[in-house]
Amino acid sequence: MFTIEGPVIYALLLIVPVALLLSRRRSIKASAPKPLADETDKEKEQKPAKSIMQPPRDDLVAPKEDPYTVEQLKAFDGSDPSKPIYVAIKGTVFDVSHKTDVYGPGKSYNLFAGKDASKALGMSSLKPEDAISDYSTLSEGDMKTLNDWHTFFTKRYNIVGRVVDLPPPSVPTSNM
Ligand code: HEM
């Protein structure tokens, strides 16, 4: 007759919850939205867009080259409603004022406002400690995510200038 030995039961009790936990972690990471920049125009034509992300805009103006220091950029974090909200990625400053619902004070992505938080965008991280400009430690995959975000923003937000005094990278990188 088939019987399950004590150690087998203990092993199952240990393995099943761990497996459930791991599969849950994977599905949370997979559900985090990714920028759409890797989709080619041809792919977009073939299938109807079902994204939760805002579509690209066709009313953007020519990019500006105005210089911003890291210190000046802080004033555009949404805390002063009379000022626009800016997000910088790889030194490019984007005006995200029309999305106060996500970048405004207390909103999910306010940690990206008034600064260059390239590293966090590359890592798909919302941790304040990752919201820094130095992206030199990113893996190849995270570097692609960061570049895709840059493309995503370029298609949706006006470029108002460049950050002129970002701190140098902590490690030499060829990903610039
Ligand atoms: C499971 C977790 C997440 C959910 C459910 C989620 C949900 C969403 C939704 C619904 C939007 C569209 C917002 C809108 O257009 O109004 C969005 C956009 C966005 N998400 Fe997330 N998000 C998650 C995780 C993350 C993480 C970890 C990051 C960190 C980089 C992130 C960064 C962004 C950015 C930058 C946008 C673009 C906002 C824009 O249109 O400018 N998200 N997310």
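Residues numbered from 1 in each chain as written. Predicted model: local features only at pLDDT ≥ 70, side-chain atom pairs only at ≥ 80, totals over all residues. Heavy atoms only, no water.

A. Local environment of the side chain of arginine 156. Relative to the elements of secondary structure, arginine 156 occurs in the loop between α6 (140–154) and β4 (158–163). Separated by 2.7 Å, the side chain of arginine 156 and the backbone oxygen of glutamine 54 make a polar contact. Reaching out from arginine 156, the side chain makes a polar contact with the backbone oxygen of phenylalanine 152 at a distance of 3.0 Å. (Helix = DSSP H or I, 4+ residues; strand = E, 2+ residues; numbered from the N terminus. Polar contact = N/O pair within 3.5 Å; in protein donor to acceptor, adjacent residues only side chain to side chain.)

B. The arrangement of the coordination of the iron atom of the ligand in detail. Counting protein donors to the iron atom of the ligand gives just one, Tyr109 (OH), placed at 1.8 Å. If you trace the backbone, tyrosine 109 turns up in the loop between α4 (100–103) and α5 (118–123). (Donors = N, O, S within 2.8 Å, 3.2 Å for Na, K, Ca; no water.)

C. Structural view of the pattern of salt bridges. Under the definition given, this model contains 5 salt bridges. In this structure, lysine 74 and glutamate 71 form a salt bridge, with 3.1 Å as the shortest nitrogen-oxygen distance. Look at glutamate 71 and you get exposed, because its relative accessible area is 54%. In this structure, lysine 99 and aspartate 101 form a salt bridge, with 3.7 Å as the shortest nitrogen-oxygen distance. (Salt bridge = Lys/Arg side-chain N within 4 Å of Asp/Glu carboxyl O. Buried < 20%, exposed > 50% of the residue type's maximum accessible area, 1.4 Å probe, protein only.)

D. Main features of the packing of aromatic side chains. On inspection of all chains with the given rule, the structure shows 12 aromatic pairs. Where tyrosine 68 meets phenylalanine 76, the ring centres are 5.9 Å apart and the plane angle is 90°; that geometry is what we call edge-to-face. Residue tyrosine 68 is classed as buried on the basis of its relative accessible area, which comes to 12%. We classify phenylalanine 76 as buried; its relative accessible area is 14%. Through pairs of rings, three or more aromatic residues link up here, namely Phe94, Tyr103, Tyr109, Phe112, Trp149, Phe152, Phe153 and Tyr157. In this structure, arginine 156 is placed above the aromatic ring of phenylalanine 152, and the distance from its NZ or CZ to the ring centre is 3.8 Å. (Phe/Tyr/Trp six-rings, centres within 6.5 Å; stacked < 30°, edge-to-face > 60°. Lys NZ or Arg CZ within 6 Å of the ring centre and 35° of its normal.)

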